[in-house]
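Next come the chains, spelled out residue by residue.
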Amino acid sequence: MSTVQIVAPVLIMLVIGVVCNKGKLISQEVVEGIKKFITTFPLPLTIFNAVSTATYNSEVVRLFVVMFIVVVAALLIGFLCKGAVKYPYRKYFPYLMTIYEGGMMAFPLYQSLMGEKNFSNIVMIDVPCGIFAFGIYFGMIKMTDQGTKINPKELIKNALSSPCFIALVLGLICGVSGIMDKFMATDVSGVYTSIKDMITAPLSAMILLCVGYEFTLERDSIGICLKTVFVRVIIQGALLLGTLFLAKQWNFSEPMIIGLILYFLTMPSLCVSSFVKNQDAGRYISTTSSLYLIITLITYVVLAAVI
């Protein structure tokens, strides 16, 4: 498959999203409804299926440990570097140095590059990040925005209310225990597969539509956002080099390595701004993510050209 064949559908869906916004073809409320549907049904099911049917070996265990260390380390480095931007953006800066838009960006891009058969690789990369994000990160940024102390009970409450987190945990249980393997060997597995395929089929298109719709550049904060993007690229680049060194030592597969490169250079999670009530902070986060989308797409195009 040529680079154009891989890249064109992604870019077209992003452009359609932009057109839907600028032409007022659909409202923000509709987009929010689409995102709610995505994160309630097709994305959790996609995560559950990929995690529960994955092969668990030493590579996956090592990957889990490394990626969890990476997301925590990036957050801590972010706190050390937060003086790079001024108040009131400073307290939000560390949160833009870690976690990635896996479900809404890395997943569809990786699938278009490597196909359905390799899809579990990007999900395995995302699993420890998802545990950190839904279990700790989103609760932390919400409390930071409210000016309250970090509360472990609230962190647990936030995690247990997330369909994606629940699907991830259930997938791990079914996958590691072998329950899913036994189920897939039964006659009724075909019914499950048909239902799963029907629900998840439009996932990539819907995700990219939403990303394109919400692409925004705020002129008043673009300087600070560019600085934030630059620092994140440096941090993620350094962490990626360290991870690729370990991946080479551990003989990780080529599809897994491609997934790591794409994932590390994926934009911050699009969900971050939804946990922030401060409007200036929300614009700062949205604009930074939009600018970082350019980095992600450049990475995607380069990978499409070389694989």
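The structure displayed is predicted, hence computed values, not measured ones.

A. View of the pattern of salt bridges. Taken as a whole and assessed by the stated rule, the structure comprises two salt bridges. Residue Glu32 is joined to Lys35 by a salt bridge in which the shortest nitrogen-to-oxygen separation is 3.8 Å. Taken as a pair, Glu32 and Lys35 lie in helix α2 (residues 28–40) at a separation of three residues, close to a single helical turn. A residue is classified by how much of its surface remains accessible, and Lys35, at 18% relative accessible area, is buried. In this structure, the salt-bridge partner of Asp197 is Lys196, at a minimum N-O distance of 2.9 Å. Look at Asp197 and you get partly exposed, because its relative accessible area is 37%.

B. A look at the packing of aromatic side chains. Across all of its chains, the model carries 11 aromatic pairs by this definition. Between Tyr95 and Tyr137, the aromatic rings sit 5.6 Å apart at their centres with planes inclined by 70°, giving edge-to-face as the arrangement. Taken as a pair, Tyr95 in the loop between α4 (58–80) and α5 (102–114) and Tyr137 in helix α6 (residues 119–146) lie far apart in primary sequence, 42 residues in all. By relative accessible area, which is 1% here, Tyr95 ends up buried. Aromatic pair Tyr100 and Phe264: ring centres 6.0 Å apart, planes at 50°, arrangement tilted. Linking Tyr100 in the loop between α4 and α5 with Phe264 in helix α13 (residues 254–264), this pair joins segments that are 164 residues apart in sequence. A single burial state applies to Tyr100 and to Phe264, both of which are buried. Within the aromatic cluster, the residues linked to one another by ring pairs are Phe68, Phe79, Tyr95, Phe132 and Tyr137. A cation sits over an aromatic face here: Arg232 above Tyr292, 5.1 Å from the ring centre.

What counts and what doesn't
Residues numbered from 1 in each chain as written. Predicted model: local features only at pLDDT ≥ 70, side-chain atom pairs only at ≥ 80, totals over all residues. Heavy atoms only, no water. Salt bridge = Lys/Arg side-chain N within 4 Å of Asp/Glu carboxyl O. Helix = DSSP H or I, 4+ residues; strand = E, 2+ residues; numbered from the N terminus. Buried < 20%, exposed > 50% of the residue type's maximum accessible area, 1.4 Å probe, protein only. Phe/Tyr/Trp six-rings, centres within 6.5 Å; stacked < 30°, edge-to-face > 60°. Lys NZ or Arg CZ within 6 Å of the ring centre and 35° of its normal.

Such coordinate-based values are descriptive only and should not be taken to indicate function.
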